[in-house]
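Coordinates in review
Here is what each chain is made of, one letter per residue.
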Amino acid sequence: MSLAGHLAPSRAPVFRGRPARGGLLVAGLAVGALMLLPVAYLVLRAAGASTESWDLILRARTLALAFRSIGLAAAVTASAVAIGVPLAWLTARTDLPSRRLWSVLVALPLVIPSYVGAFALIAALGPGGIVQDLLAKPFGVERLPDISGFVGAWLALTLFTYPYVYLLVASGIKGLDPSHEEAARGLGESAWSTFVRVTLPMLRPSIAAGSLLVALYTLHDFGAVSLMRFQTFTQAIYLQYRGAFDRTPAAILSLFLVALALGVLVMEHKARGRARYYRSGAGSKRPSRVLSLGRWKWPALLFCGAVTAAAFALPVSVIAFWLIRGAVSGDGLNLTWAAAGNSVLVSGAGALVALVAALPVALLAVRFPGRSTTVMERLSYSGYALPGIVVALALVFFTANFSPALYQSLPLVVIAYVVLFLPQAVEPLSASLLQLGPRMEEAARALGVRRTRVFARIVAPLIARGLVSGAALVFLTAMKELPATLLLRPTGFETLATRVWTGATAGLYAHAAGPALLLVAACAVPLYVLARRVEVREVEVKAD
Amino acid sequence: MPQGERGPIVRRLAGLMALVAAVGMLSACGSDSSGGSGAGGASLVVYSGREEELVAPLLARFEKDEGIDLEVRYGDSAELAATLLEEGDAARADVFFSQDAGSLGVVAEAGLLTELDDSILERVDSQFRSDEGLWVGTSGRARVAAYNTNALAEEDLPDSVHAFTDPEWKGRIGFPPTNSSFQAFVAGMIATEGEDDTRAFLGGLVANEPETYEDNEAVVRALAEGVIDVGLVNHYYIYEVEADEGPIPVENHFFTGGDPGALVNAAGVGVLASSEEMDAARSFVEYLTGDAGQRYFAEDTFEYPVAHGLKPSVELVTLDQIQSPDVDLSDLGERLQPALTLLAEVGLL
């Protein structure tokens, strides 16, 4: 067996405790029940379908749409991994100049809603766009290559979703035990070969988790594909609502989308494998070495710069351009501070509740792996795979009819964010639990410490990075959420996303630019502080 | 690992949770207490599929003139219609103010709207109200061929939309196939000319390699840039884009002779049968179809007033002059699914 074979994640069976029971199981079942609401609603709607509706769905076109959606999801996921993994490695493990700044900059595109990003791409690169105007005079460029259709949707979704892979993998790299890599280097493997044959396999859970978030995001995205005019499954669902005002075919199509997502989940499960990703011997981790880039420094900088320019600087410049043009023509800046406060409040609450809901799901799935816990974890993804409008209508139906006090209230918006984005909290948590391993918990339990205390004193501090990433991902995604917020918010409750929408639907970009820029700022500041704190902590730990 | 420092993360998280929960409850209570009927004056809940930027000034004027408070929930017309269907008998809205007849039709068909008084219904042409009297039009929007005035003159444009299947228009035309206003136009053509002719027309359009766009406004912007020469859109998007960009070299051309390309669709309003504020709701509908409302649509949103006896703002061709096709808007609903099917068949969806 090769050297790498010995060092790669071991194939030994994973830890199997006793079957889950007690509070954890009850909490897990409660979360599972909440997450199943959208599917229950869809089954209810599809059950009343006439044969006509089924004829409408069971056509070659539906199959074609499924292939287009799968193709787009596969392409976007592949390119997001190709961008996100190298960025994570460069910012976490090398002497890249000003790497702390880069580690924040390359995460920032996450805060740009895909509909705003796609719009900015079209405004910049489309026919008659800003770039063409700039090139027209000096170079006589009449027309740029068309960026609509598949290419446009792929480009926009890649640029605005790769941070999911980047953030999860960066967090995964920081949680890695460097002893395997050191052994490989000590035995004469090159830096590159160590990365490919040792580091990458160890990062499989993080890469798989990030890919899953990107793939499912692509499946449910409407904004980017609709602006880029690429027909997908999700777009067909919206057409049924908006064009034909027909809920039944929309429900059937949505159930197909859930089935597609389950297919993706099975693939992710296979990719993650049944390996063990924690240290099995004695000893504890120590900080890993910083790798010198040498003459690769400039290409690395160019790569980081190009990605940041396309995915962050470009859309922000386009928004700023509209803002300034609006201000010059007397439209004012439309900096909606109250909406910004509302956004932060409701997204923050969504992030914290999602974190609490994600804990039992992740703990059960990682520590008590079995058929029922796996099924429970997988089902909790159904909300994330569905377009926002479907989840919103499901919650309208259940709360308006069975819990009127909750309907159109702030707590309902928070619940909607949990149903929509729970996997974004579960994935980083599971990944860090996988890296932690069960040894310390077992030791503490053997010493007679209560379960809850073991969690609070030992597990939580050690998976702090996963907790923080999970909450941050949900917060940032909830800040951008539109369809569910529009339908479920208390009347008159404005968020930044609803303000952007109000301006954009009236075609008044100057009115949309202010809230859009505030949205970017309101997300960028916490992201920056978060990244700085993580870095500072690490330096402190290293100094110990 | 400095455990003493990291230990309290759970406690800190719990503290943060408690804080957020407290703030959330406070604001929820706050919105509850202001949510009920205000002391004295009536309060009306409006689901508005019409854009806030367009109608908020009019609604504010209504509140002032009539002394009735409005709680307005803005959204997409079709999505608000779906919301009303899901709410069913537990409807929160008193009135539904919709961008298009289709959204009103589906809510009416579900039996959620109540009949309006004849005195209100008779204010508008029978074309612009529900056959059963369940909703009434508030303003009209006409389908037109908008054209770039640098590329074309008014006399270059045909009388019928069918002419755009001619090879002379190859590569010069644009429209938004995924937009509900375009789909309503296709449904209107099915209603007047049947599915086969509509399929032939759409096939001819596709053969001319059209540019397709996300919405009407994107078509008008492309026209302004000279990317296309002609676009099939609603008449008022020129004014919307000009409000943002300043003057653009684009004009509207109206088809004649009852051509399906000249369909006039209506925005409208209906009252929910479950409403407990029937008097206030009635005032709202009267206001929109009355002098103040109709004048606002004519002068501020560049739409067509639909009540008898009012003229649109000076620059517009008047509604009487538009030779629109003989289509009953309340019949359009059942043609929408066939329209989507045809659009998919020819590869436009």
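Quick caveat, the model's predicted, so the values are computed rather than measured. (Residues numbered from 1 in each chain as written. Chains lettered and ligands numbered in written order. Predicted model: local features only at pLDDT ≥ 70, side-chain atom pairs only at ≥ 80, totals over all residues. Heavy atoms only, no water.)

Description of the interface of chain B and chain A
Counting from both sides, the interface comprises 64 residues of chain B and, opposite them, 74 residues of chain A. Viewed at the interface, chain A and chain B are joined by 6 salt bridges. When residues of the side of chain B that touches chain A are assigned to their parent elements, the largest contribution, 12 residues, is made by helix H2 (residues 9-35) of chain B. A class-by-class count of the residues in the side of chain B that touches chain A yields 27 nonpolar, 15 polar and 22 charged. (Contact = heavy atoms within 4.5 Å. Salt bridge = Lys/Arg side-chain N within 4 Å of Asp/Glu carboxyl O. Helix = DSSP H or I, 4+ residues; strand = E, 2+ residues; numbered from the N terminus. Nonpolar A, V, L, I, M, F, W, Y, C, P; charged D, E, K, R; others polar.)

Comments concerning unusual backbone geometry
Look at Arg229(A): it is not a glycine, yet its phi comes out positive at around 55 degrees. Among the secondary structure elements, Arg229(A) is positioned in the loop between helix H13 (223-227) and helix H14 (233-242). For Glu209(B), which is not a glycine, the phi torsion comes out positive at approximately 45 degrees. In this fold, Glu209(B) is placed in the loop between helix H7 (180-207) and strand S6 (211-212).

Observations concerning the packing of aromatic side chains
Scanning the model with the defined rule gives 25 aromatic pairs over all chains in all. Ring geometry for Phe182(B) against Phe185(B): centres 5.4 Å apart, planes inclined by 65 degrees, an arrangement best described as edge-to-face. Taken together, the positions of Phe182(B) and Phe185(B), both in helix H7 and 3 residues apart, correspond to about one turn of that helix. When sorted by exposure, Phe182(B) lands in the same class as Phe185(B), which is buried. One aromatic cluster is present, formed by Tyr41(A), Phe397(A), Phe398(A) and Phe402(A) through successive ring pairs. A cation sits over an aromatic face here: Arg229(A) above Tyr213(B), 5.1 Å from the ring centre. (Phe/Tyr/Trp six-rings, centres within 6.5 Å; stacked < 30°, edge-to-face > 60°. Buried < 20%, exposed > 50% of the residue type's maximum accessible area, 1.4 Å probe, protein only. Lys NZ or Arg CZ within 6 Å of the ring centre and 35° of its normal.)

Quick look at helix H4 (residues 77-87) of chain B
Residue and element names in this part refer to chain B. Among the 11 residues that make up H4, 11 are buried, leaving the element largely enclosed by the rest of the structure. All buried positions along H4 are accounted for by Ser-77, Ala-78, Glu-79, Leu-80, Ala-81, Ala-82, Thr-83, Leu-84, Leu-85, Glu-86 and Glu-87. At the N-terminal end of H4, a side-chain oxygen is found 3.0 Å from the backbone nitrogen of Ala-78, two or three residues along, and the residue is Asp-76. (Polar contact = N/O pair within 3.5 Å; in protein donor to acceptor, adjacent residues only side chain to side chain.)

Some points on the domain arrangement of chain B
Residues and elements named next belong to chain B. Per the domain assignment, the segments of chain B are domain 1 (43-140 + 265-316) and domain 2 (141-263 + 333-345). When each unit is reduced to the centre of its C-alpha atoms, the spacing between domain 1 and domain 2 is 27 Å. Opposite the 15 residues of domain 1 that make contact, domain 2 presents 9 residues. In total, domain 1 and domain 2 occlude about 980 Å² of area from one another, counting both sides; carbon and sulfur atoms represent 50% of this. Contact with domain 2 buries surface across domain 1, with Asn-265, Phe-302 and Tyr-304 losing the most and accounting together for 45% of the total. Inspection of the region where domain 1 meets domain 2 yields 1 salt bridge. At the junction of domain 1 and domain 2, the tally comes to 4 residue pairs in polar contact (both at pLDDT 80 or more). Elements supplying a minimum of two residues to the side of domain 1 that touches domain 2: strand S4 (135-148) and strand S9 (264-271). Considering every element that reaches the side of domain 1 that touches domain 2, the biggest residue donor is S9, with 3 residues. Taken together, the residues that form the side of domain 1 that touches domain 2 break down as 6 nonpolar, 5 polar and 4 charged. (Domains from an automatic or database assignment. Buried area = accessible area lost by both parts, 1.4 Å probe.)

Let's talk about the nonpolar core
If you look at the biggest cluster of nonpolar residues, it comprises 276 residues, and the most contacted ones within it are Tyr162(A), Leu216(A), Tyr241(A), Leu422(A), Phe96(B), Phe164(B) and Phe284(B). Ranked by residues supplied to this core, first place goes to helix H21 (residues 410-436) of chain A with 17 residues. Split by domain, the residues of this core number at least three in each of domain 1 (43-140 + 265-316) and domain 2 (141-263 + 333-345) of chain B. Residues contacting Phe96(B), with those up to four places away along its chain left out, are Tyr47(B), Ser77(B), Leu80(B), Ala81(B), Leu84(B), Ser103(B), Leu104(B), Val107(B), Gly268(B), Val269(B), Gly270(B) and Leu272(B). In terms of nonpolar packing, the next biggest core, distinct from the first, is built from 13 residues, Val116(A), Ile319(A), Trp322(A) and Leu323(A) among them. (Core = buried A, V, L, I, M, F, W, Y, C linked by side-chain atoms within 4.5 Å.)

Some words on the side chain of Glu240(B)
Following the sequence through the fold, Glu240(B) ends up in helix H9 (residues 237-245). For the buried Glu240(B), which has no salt bridge, the nearest side chain bearing the opposite charge is Arg50(B), at an N-O separation of 6.8 Å. Apart from residues no more than four positions distant in its own chain, Glu240(B) is found in contact with Ala506(A), Glu51(B), Leu54(B) and Glu217(B). (Lys, Arg positive; Asp, Glu negative; His and termini not counted.)

Some details on the packing of helix H17 (residues 337-367) of chain A against H21(A)
Residue and element names in this part refer to chain A. Direction vectors running N to C along H17 and H21 enclose 45 degrees, while the axes themselves pass 5 Å from each other. Taken together, the axis directions place H17 and H21 in an arrangement best described as oblique. Once H17 is placed against H21, the crossing between them reads as right-handed. A per-class count over the contact of H17 with H21 returns 25 nonpolar, 3 polar and 1 charged. (Axes fitted to C-alpha atoms, helices over the stretch in contact; angles between N-to-C directions. Parallel < 35°, antiparallel > 145°, perpendicular 65-115°, else oblique. Left-handed = near helix turned anticlockwise from the far one by under 90°.)

Concerning the pattern of salt bridges
Applying the stated rule across the entire model yields 25 salt bridges over all chains. For Glu494(A), the salt bridge identified is with Arg499(A), shortest N-O distance 3.1 Å. Measuring nitrogen to oxygen at the nearest pair gives 3.9 Å for the salt bridge that ties Glu299(B) to Arg295(B). Here Arg295(B) and Glu299(B) lie together in helix H11 (residues 291-299), a separation of 4 residues that amounts to about one turn. Take Glu299(B): its relative accessible area is 45%, and that puts it in the partly exposed class. One salt-bridge network, held together by shared partners, links Arg325(A), Glu217(B), Arg221(B) and Glu245(B).

Digging into the environment of Gly75(B)
You can see Gly75(B) is positioned in the loop between strand S2 (69-74) and H4. Since its relative accessible area comes to 5%, Gly75(B) is described here as buried. Considered as a pair, Gly75(B) and Arg92(B) are 17 residues apart in the sequence and their alpha carbons are 14 Å apart. Ignoring anything within four residues of it in the chain, the contact list for Gly75(B) reads Trp501(A), Ser48(B), Gly49(B) and Leu80(B).

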